[in-house]
Amino acid sequence: MAVPPRGRVSSGKAQPAAPAAPSTSCAALTPPPRPAMALPAAAYEAAVPPRPACAYTSCYCEENVWKLCDYIRSQHQYPLEEFYAVFISNDSRMIPLWKQKSGHGDEPVVWEQRTLQFSCRSLNERRLQRNGEIVKVSSKAQWDYHVILLHVSSGKQNFIYDLDTVLPFPCPFDVYSVEAFRLDDSLRPEFHRKIRMIRADLYLKTFASDRSHMKDANGKWQKPPPSYPCIETADSKMNLDEFISMNPKVGWGSVFPLPDFVHRFGRQTDYSYSLEGQ
């Protein structure tokens, strides 16, 4: 796989991504178990309050992350430019993540595209087959994306803030990668994930949602909305799909395959390159 050059992540319109590596034709949804990595010995001061004190609404992860960014901006504890909103999706809008609150044990949650025509059958009943082996997919949600917050720390490693995970909050990047992302190489091609990464200050300026994606055909809420007013900008009341899209020609930030994201921001990466102005 061609890895993007280490350097700046554009803060403007998204740039073309390196092509994803070809996958095997028959790969299981559940990858081989990997050992959890130890938590860092060095102290890291969280940029936001403990999880229970954070603004949170279930199934509105894009707004939860926006609220985290807004809090960080107000506190001046860390430079806001060190933080990134990270949208996880793919072209089929169907992604697995492990260690999510809505999962069961070590089974993944599949955040899958929800449409009005989609079957209401629980994804707990869904099975995927590979080499004659039945692989159970467990989920309580039908979504096509997930959003987390990345802190590109000046320390030895980076941190992930995910309000929907059972992992620590914040979580060391490498722990989150091993436990929640796992490996695309072990997944069927339709589950390979991509990343859209937007610097927090740009996310606060550009993101807008009227929450219409959470209403059914009759205009009823499928999940209760946040209590605060909708987030909007002077230019838009709804542009969520431009952030979910993994088309590098639309939206803001940079788009690239998950393995490139892990390689770039894991501890094995040399962080001597400049992130200024991304």
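Residues numbered from 1 in each chain as written. Predicted model: local features only at pLDDT ≥ 70, side-chain atom pairs only at ≥ 80, totals over all residues. Heavy atoms only, no water.

1. Concerning the pattern of salt bridges
Opposite charge on two side chains permits them to pair, given that their charged atoms come into close proximity.
Move 1: Throughout the structure, instances matching the rule amount to nine salt bridges.
Move 2: Across the pair D241 and R93 runs a salt bridge whose closest N-O atoms are separated by 2.7 Å. You can see D241 sitting in helix α4 (residues 240-244) and its partner R93 sitting in the loop between β1 (83-89) and β2 (94-97), a full 148 residues away along the chain.
Move 3: Taking the shortest distance from any N to any O, the salt bridge between D201 and R199 comes out at 2.7 Å. R199 carries the same exposure label as D201, and that label is buried.
Move 4: Here the salt bridges do not stand alone but share partners, grouping R93, D144 and D241 into one network. (Salt bridge = Lys/Arg side-chain N within 4 Å of Asp/Glu carboxyl O. Helix = DSSP H or I, 4+ residues; strand = E, 2+ residues; numbered from the N terminus. Buried < 20%, exposed > 50% of the residue type's maximum accessible area, 1.4 Å probe, protein only.)

2. Re unusual backbone geometry
Move 1: Look at the link from F169 to P170: it is a cis peptide, with omega at -5°.
Move 2: Considering the arrangement of structural elements, one finds P170 in the loop between β7 (159-161) and β8 (171-172).
Move 3: In the Ramachandran plot, K99 falls in the positive-phi region, its phi being about 60° despite a non-glycine side chain.
Move 4: Among the structural elements, K99 can be located in the loop between β2 and β3 (109-112).
Move 5: Even without glycine at this site, R211 takes up a positive phi of about 65°.
Move 6: Tracing the chain through its elements places R211 in the loop between α3 (200-206) and α4.
Move 7: Accessibility expressed as a relative area gives 4% for R211, which makes it buried.

3. Digging into the environment of Y44
Move 1: Checked against the element boundaries, Y44 lands in the segment before α1 (61-75).
Move 2: Along the primary structure Y44 and P172 are separated by 128 residues, whereas in three dimensions their C-alpha atoms are 9.6 Å apart.
Move 3: Excluding anything up to four places from it in sequence, Y44 contacts Y78, H151, S153, F159, Y161 and P170.
Move 4: Among the polar contacts listed, one links the side chain of Y44 to the side chain of H151, at a separation of 2.5 Å. (Contact = heavy atoms within 4.5 Å. Polar contact = N/O pair within 3.5 Å; in protein donor to acceptor, adjacent residues only side chain to side chain.)

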